[in-house]
Amino acid sequence: MSNLTPYEHAIRALVYAESPEKQQRVLAENAQKSPLARLVHNGAYGFIYRYPELTMHILAKPYRDQGLEVIAFGRNSTAIRDGETVLKIARASERMPAPEQRKLVDELTYRHDASMTYLGAMCIDQKFEVIEHPLHNTTVVAGVQSFVDFEPFDSHAWPAADKRPSLSDFAEKSLVMEAETHLMTDVSGTNNFGFDNDDNLVLVDTIPMKSSDGGPSIDMARRMLNEMAVLAR
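Residues numbered from 1 in each chain as written. Predicted model: local features only at pLDDT ≥ 70, side-chain atom pairs only at ≥ 80, totals over all residues. Heavy atoms only, no water.

Here we look at helix α5 (residues 98-119)
Counted at 1.5 Å a residue, the expected span for α5 with its 22 residues is 32 Å, and the 31 Å between its end C-alpha atoms agrees. Of the residues one or two after α5, Gly120 is the one with positive phi, at around 60 degrees. (Helix = DSSP H or I, 4+ residues; strand = E, 2+ residues; numbered from the N terminus. Expected span 1.5 Å × (residues − 1).)

Describing helix α2 (residues 20-30)
The complete set of buried residues in α2 reads Lys22, Gln23, Arg25, Val26 and Asn30. For α2, the angular spread of buried residues about the axis comes to 150 degrees, placing them on one side. Those residues of α2 that are buried are in contact with α1 (6-16), α3 (35-50) and α7 (216-229). (Buried < 20%, exposed > 50% of the residue type's maximum accessible area, 1.4 Å probe, protein only. Arc of directions from axis to C-beta. Contact = heavy atoms within 4.5 Å.)

A closer look at the pairing of strand β5 (residues 139-146)
Looking at chain direction, strand β3 (residues 85-90) and β5 are connected through five bridges and run antiparallel. When the bridges of β5 are listed, Val86 appears paired with Gln145. For strand β4 (residues 126-132) and β5, the ladder comprises seven bridges, and the chain directions are antiparallel. Among the inter-strand pairings, Val130 is bridged to a residue of β5, identified as Val141. Once β4 ends, the chain turns through six residues before running back antiparallel as β5. (Pairing = 2+ DSSP bridges.)

Thoughts on the sheet that holds β4
Across the sheet, five strands lie side by side as β1-β2-β3-β5-β4; this open sheet has antiparallel pairing. Both edges of this open sheet fall to β1 (69-73) and β4, since each of them pairs with a single strand only. The sheet shows a mean angle of 30 degrees between the axes of neighbouring strands, direction not considered. Where β1 lies against strand β2 (residues 77-82), four bridges are found, and the strand directions are antiparallel. Residue pairing for β2: Phe73 is matched across the bridge by Thr78. Against the sheet, α5 contacts β3, β4 and β5, and its axis sits at roughly 165 degrees relative to β4. (Axes fitted to C-alpha atoms, helices over the stretch in contact; angles between N-to-C directions.)

Some words on the packing of helix α6 (residues 164-181) against α7
Interaxial distance between α6 and α7 falls to 7 Å at its minimum, and their mutual angle equals 130 degrees. One way to sum up the angle between α6 and α7 is to call them oblique. The handedness of the crossing between α6 and α7 comes out as left-handed. Facing Leu167, Ser168, Phe170, Ala171, Glu172, Ser174, Leu175 and Glu178 of α6, the residues of α7 in contact are Arg222, Leu225, Asn226, Met228 and Ala229. Considering only residue class, the contact of α6 with α7 consists of seven nonpolar, three polar and three charged. (Parallel < 35°, antiparallel > 145°, perpendicular 65-115°, else oblique. Left-handed = near helix turned anticlockwise from the far one by under 90°. Nonpolar A, V, L, I, M, F, W, Y, C, P; charged D, E, K, R; others polar.)

Spelled out as structure tokens, the structure:
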């Protein structure tokens, strides 16, 4: 992850603040660096792990100054609420030429459509397009979806009995999708899915990961899905 900018390093640490497993991954990566780089990175990440709310406040300030509400910094995107609409800005796309942005729109649409096909109403529908960045004089790829108030699923807590059938159904369908398309529902993120005010399971991050990418996030997602699939048995 040495190619990450300091800004992206800060966001990455914020995303990992609620995941001890992912924090261990960073420690393992940093162990390969020089002593000085290891000290700097571990210190910076450790501060953010301890003070995620302060970090979120600092990172969101440029948007707040423009009257925008940041509801989440994800691994790949920044989610901004505008009334009942949420924009998910793909941060890396700001540096892409126009043809690559259009290619990314097609790829995200393809993956989202796979989720919709296999998971149906559990997915919050979204459309992808190239828009003007809300802060910068440049274009960026963004997903547009309705705002949904939901309680994120806590993978470290045993789910209530009435929620287990939904979780099991969700996981089984996700595993079928992975087997048939090699796309895996991203349940490794702490705010990617949960239950809305009517106790319906909702997936707000509908972009599945490619199984062929491998790595700890794929391993974590597969483990979680297999564990959830048997909850109702």
